[in-house]
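Spelled out, the chains give:
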Amino acid sequence: MKTELSAIIIVFLSSFLGAAGQYYFKKGADAIAKISLIKILFNKNIITAVILYLSGSVAYIIALPRGELSVLYPIVASNFIWVVLIAKIKLKERLNFGKVTGLVLIIAGIILIGFTA
Amino acid sequence: MKTHWSSIVLIIFASLIGAGGQFFFKLGSKVPPSIIISEISSRNIVSTLSSLFVNPVLRSGINTILGLLLYGIGALLLIFALRKGELSVIYPLFAGSYVWVSLISAYYFGEEINIMKWGGIALIVTGISFIGYGSSKLGEDKEKVIERLGIPEEQ
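Note on numbering: residues in each chain are counted from 1, in written sequence order. Going through the entries in the order they are written, you letter the chains from A and number the ligands from 1. Where totals are concerned, whole chains, interfaces and linings use all residues; where local detail is concerned, this predicted model gives features only for residues with pLDDT of at least 70, and gives and counts side-chain atom pairs only at 80 or more. Here the side-chain values reflect all heavy atoms present in the structure, with hydrogen atoms and water set aside.

## Brief notes about the packing of aromatic side chains
Our working rule: Any Phe, Tyr or Trp ring, taking Trp's six-membered ring, that has another such ring centre within 6.5 Å forms a pair; planes under 30 degrees apart are called stacked, those over 60 apart edge-to-face, and the others tilted. Counting from the N terminus, the helices are DSSP H or I runs at least four residues long and the strands are E runs at least two residues long. Each residue is assigned to one of three classes by its accessible area relative to the maximum for its type, calculated with a 1.4 Å probe on protein chains only: buried under 20%, partly exposed between the two thresholds, exposed over 50%.
Tallied over the full model, the rule gives 11 aromatic pairs over all chains. Their ring planes at 25° and their centres at 4.7 Å tell us that Y73(A) and Y98(B) sit as a pair that is stacked. Here Y73(A) is found in helix α4 (residues 69–75), whereas its partner Y98(B) is found in helix α6 (residues 96–109) on a different chain. Residues Y73(A) and Y98(B) agree in their burial class; the two are buried. Three or more aromatic residues joined by ring pairs make a cluster, and in this case those are F23(B), F24(B), Y108(B) and F109(B).

## Considering the packing of helix α5 (residues 78–89) of chain A against helix α6 (residues 97–116) of chain A
Helix-helix packing is described using two parameters, namely the angle between the two axes and the distance between the axes. Residues and elements named next belong to chain A. Filter applied, for reference: Angles shown run from 0 to 180 degrees and are taken between the N-to-C directions of axes, each axis being a line fitted to C-alpha atoms and, for helices, limited to the stretch in contact. In this scheme the handedness of a crossing depends on how the near helix is turned from the far one: anticlockwise by less than a right angle means left-handed, clockwise means right-handed. Here a residue-residue contact requires only that any non-hydrogen atoms of the pair lie within 4.5 Å. Only Asp, Glu, Lys and Arg are considered charged, only Ala, Val, Leu, Ile, Met, Phe, Trp, Tyr, Cys and Pro nonpolar, and every remaining residue, Gly among them, polar.
Relative to each other, α5 and α6 sit at 145°, their axes nearing to 9 Å. Relative to α6, the crossing made by α5 is left-handed. Between α5, through S78, F80, I81 and V84, and α6, the contact on the second element is made entirely by K99, L103, I106, I107 and I110. Partitioning the contact of α5 with α6 into residue classes produces 7 nonpolar, 1 polar and 1 charged.

## Here we look at a nonpolar patch on the surface
Residue and element names in this part refer to chain B. Formally: Patch criteria: residues need more than 30% relative accessible area and no salt bridge. Like-charged residues are merged within 9 Å; nonpolar side chains of Val, Leu, Ile, Met, Phe, Trp and Tyr are merged within 5 Å. Per-residue accessibility takes into account occlusion by the displayed protein chains alone, with areas from the Shrake-Rupley method and a 1.4 Å probe. Whenever a carboxyl oxygen of Asp or Glu lies within 4 Å of a side-chain nitrogen of Lys or Arg, that contact is scored as a salt bridge.
A cluster of nonpolar side chains, I8, I12, L16, W100, L103, Y107, Y108 and W118, forms an exposed patch at the surface whose accessible area comes to about 800 Å². Secondary-structure elements contributing two or more residues to the nonpolar patch are α1 (5–28) and α6. Per-element accounting of the nonpolar patch gives the leading share, 4 residues, to α6. Examined against the element boundaries, W100 turns out to sit in helix α6. For W100, a relative accessible area of 30% gives the class partly exposed.

## Brief notes about the nonpolar core
Condition: Note on terminology: a nonpolar core comprises buried Ala, Val, Leu, Ile, Met, Phe, Trp, Tyr and Cys residues joined through side-chain atoms within 4.5 Å.
Counting residues in hydrophobic clusters, the biggest one holds 42 residues, and the most contacted among them are Y60(A), I106(A), Y98(B) and I128(B). When residues in this core are grouped by element, the largest group, 7 residues, is from α1(B). Aside from chain neighbours lying at most four places away, what touches I128(B) is A77(A), F80(A), I106(A), Y91(B), A95(B) and Y98(B).

## Comments concerning the interface of chain B and chain A
Threshold: Accessible area that two parts lose when put together, evaluated with a 1.4 Å probe and summed over both, is termed the buried area. The term polar contact refers here to a pair of N or O atoms within 3.5 Å; inside protein, the definition further demands a hydrogen-donor-capable atom paired with an acceptor-capable atom, and it admits residues adjacent in sequence only when both atoms are side-chain atoms.
Each partner contributes residues to the interface: chain B has 37 residues there, and chain A has 36 residues. Buried surface at the junction of chain B and chain A, summed over both partners, amounts to about 3200 Å²; 70% is from carbon and sulfur atoms. Our enumeration of links across chain B and chain A arrives at 1 salt bridge. Of the charged contacts in the structure, one is a salt bridge between E68(A) and K117(B), with a shortest N-O distance of 3.0 Å. Across the contact surface, chain B and chain A share 11 residue pairs in polar contact (both at pLDDT 80 or more). Looking at the side of chain B that touches chain A, the elements with two or more residues in it are α1, α4 (56–83), α6, α7 (115–135) and α8 (137–148) of chain B. Tallying contributions element by element places α7(B) first for the side of chain B that touches chain A, with 15 residues. Of the residues that constitute the side of chain B that touches chain A, the class distribution is 15 nonpolar, 14 polar and 8 charged.

## Re the packing of helix α1 (residues 5–31) of chain A against helix α3 (residues 44–63) of chain A
Residue and element names in this part refer to chain A. Under the convention used in this document: With respect to orientation, any angle under 35 degrees is reported as roughly parallel, any angle over 145 as roughly antiparallel, any angle of 65 to 115 as roughly perpendicular, and every other angle as oblique.
Interhelical geometry of α1 versus α3 gives an angle of 165° and a closest axis separation of 8 Å. Relative to α3, α1 is oriented roughly antiparallel. Between α1 and α3 the crossing geometry is left-handed. Tallied by class, residues from the contact of α1 with α3 come to 17 nonpolar, 9 polar and 1 charged.

Put into structure tokens, the structure is as follows:
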């Protein structure tokens, strides 16, 4: 079974949606000082996060039959790339040696697997 | 914080469950959701429930739901493991799921895992480990030491 390019693009998109979801989870979690179920369920950021997460999952399920699991699942790791970049740009979290090295290795790994598709 | 052994057990378990979720996702993705919905709407509740595991279309839907469930449990276990564990230990172990999924792809779905794929997996697992290290207290403390010594940052 060959992996379609469209499936690869959809999984990248799905990981980005997941990463955007994580950003809103973080924003929501920071805003909620005391943990209460009601506050969590009705928090605007948390609702946004859940919607983004679910859309990401649906996109992933759409992509799966169009390619090999051993190609598409590793691309899910691109989630780490988006999360680190979003954290740097939107949350002003600092990059350091470990994070940058990690990003470079993950990108290299995905490119290597992409070549087999 | 030192990582408690219970967190290590939890996270290995989580990586296996997460990989199991991928297995059922892939199984369930064979039949498009639209066909599953039309199959359910063409039956009544009793007929749907009674042939839930026999009818291939309905079984495909069950597999997707099972995949989602396992995926969710894996994510929850990750959160619990992080409570008593360091990112630098937990992340690399959770990334083990990439190895499990490759093995599942080869044995159950007959996909070819060549040297390039294994190389890619190795790079990804190492990369996730580095991000775990960089995000942990250990990695950030070391960064502060470098700052104090006056070594300029790259960017």
